[in-house]
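Overview (structure and organization)
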Amino acid sequence: TALRRIEELEAEVEKLGKLVDRDVLIPAILNRRGIENRLAPLLEEAFHASDKRREQPSVRRICVAYCDLDHFKEVNDFYGHKSGDEVLLSFAGLVHRRVRKMDLVGRLGGDEFIVVFLNSDYEEANVKMRLITDEFKAQKFSFDPDVGMTFSFGIACAQEFQEMSVLISAAELRMRGAKGDKAR
């Protein structure tokens, strides 16, 4: 019947809409668009909602960790893109497994990732990211078990930066500072 066909098409459109927000290489995590599509309304709800019908927002504290893999270009150049993909998949999988289901994980592009910690403060996000850092350092890769990978991260919280683009930029700036500290 026509009604059944419409329902099937609506389900297909919904399914395709979800795929558009997923990373192409790592479908278990979001892409930039997926992160922005989910983070913007959370920030709006937490800080800018003028709707008095809702007594309290479901998410009150939001922290963003901006991550960049250290020396990733060298892995790609020396071992090849397949090895680089292994590192990306390994990192994304590790982060995805170590954060809570409510948190968001996405790849912004290349070797840059973002983790959105919901109902977490800076300390909670920092402790979680340091645990992930230690675990990633210990990771072994098939292309060369002696290669150890690290990443740099910076955290910014919505209590300081309530606008999404400013929040993400602040976390990125802090990540760049951490990366610079490693180079010294």
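Here, every reference points to the structure presented above.
Given the structure is predicted, the values throughout are model-derived calculations rather than measurements.

**Concerning the overall build of the protein chain**
The number of helices and strands found in the protein chain is six helices and five strands. When the elements of the protein chain are put in sequence order from the N terminus, they spell out α-β-α-β-α-α-β-β-α-β-α. Per-residue burial over the protein chain gives 41% buried out of 184 residues. The long-range fraction of contacts in the protein chain, counting pairs at least 24 apart against all pairs at least 6 apart in sequence, stands at 63%. A total accessible area of about 10800 Å² is found for the protein chain, and carbon and sulfur atoms account for 54% of it.

**Quick look at the nonpolar core**
Counting 31 residues, the largest nonpolar core has L69, V87, F113, M129, F136 and F151 as the members making the most contacts within it. Contributing elements (two or more residues each) for this core: strand 2 (62-69), helix 3 (72-79), helix 4 (81-98), strand 4 (112-118), helix 5 (122-137) and strand 5 (151-157). In terms of nonpolar packing, the next biggest core, distinct from the first, is built from 22 residues, I35, L42, M164 and L167 among them.

**Considerations on the pairing of strand 3 (residues 104-109)**
Every regular strand shows the same layout, with side chains that alternate between the two sheet faces. Across the six residues that make up strand 3, a large majority, five, are buried. Bridging between strand 3 and strand 4 involves five bridges; their strand directions are antiparallel. Counterpart to G106 in the pairing with strand 4 is I114. Here strand 3 hands over to strand 4 after two residues, with G110 in that stretch at a positive phi of 55°.

**Side note on the packing of aromatic side chains**
What describes a pair of aromatic rings is the distance from one ring centre to the other and the angle between the planes of the rings. Summed over all chains, the structure comprises nine aromatic pairs. Measuring from ring centre to ring centre gives 6.0 Å for F151 and F153, while their planes differ by 40°; the resulting arrangement is tilted. By relative accessible area, F151 is classed as buried at 1%. Pairwise contacts between aromatic rings join F78, Y79, F91, F113, F136, F141, F143, F151 and F153 into one cluster.

**Overview of the state of the cysteines**
Following the criterion strictly, the structure yields one disulfide and no others. Paired through a disulfide, C63 and C157 show a sulfur-sulfur distance of 2.1 Å. The S-S bond linking C63 to C157 shows a torsion near 100°; that makes this disulfide right-handed. Of the two residues, C63 sits in strand 2 while C157 sits in strand 5, which places them 94 residues apart along the sequence. The two residues C63 and C157 agree in class, both being buried.

**A word on helix 3**
Of the residues making up helix 3, those classed as buried are F72, V75 and N76. Axial view of helix 3: buried residues confined to an arc of 95°, hence all on one face. The exposed residues of helix 3 that point more than 90 degrees off its buried face are K73, D77 and F78. On its buried side, helix 3 packs onto strand 2 and helix 4. Looking at the residues trailing helix 3, positive phi occurs at G80, about 105°.

**A few points about the pairing of strand 2**
Most of strand 2 is tucked away: eight of the eight residues are buried. Here seven bridges tie strand 2 to strand 4, and the two strands are oriented antiparallel to one another. Bridge assignment links V64 to a residue of strand 4, and that residue is V116. When strand 2 meets strand 5, the two strands line up antiparallel, connected through seven bridges.

**Description of the sheet that holds strand 5**
As summarised here, the arrangement of the five strands in space is 1-3-4-2-5, forming an open sheet in which the pairing is mixed. Pairing within the sheet leaves two strands with one partner each, and these edge strands are strand 1 (30-31) and strand 5.

The rules behind the values
Residues numbered from 1 in each chain as written. Predicted model: local features only at pLDDT ≥ 70, side-chain atom pairs only at ≥ 80, totals over all residues. Heavy atoms only, no water. Helix = DSSP H or I, 4+ residues; strand = E, 2+ residues; numbered from the N terminus. Buried < 20%, exposed > 50% of the residue type's maximum accessible area, 1.4 Å probe, protein only. Contact = heavy atoms within 4.5 Å. Areas by Shrake-Rupley, 256 points an atom, 1.4 Å probe, with all protein chains shown as cover. Core = buried A, V, L, I, M, F, W, Y, C linked by side-chain atoms within 4.5 Å. Pairing = 2+ DSSP bridges. Phe/Tyr/Trp six-rings, centres within 6.5 Å; stacked < 30°, edge-to-face > 60°. Disulfide = S-S within 2.5 Å. Arc of directions from axis to C-beta.

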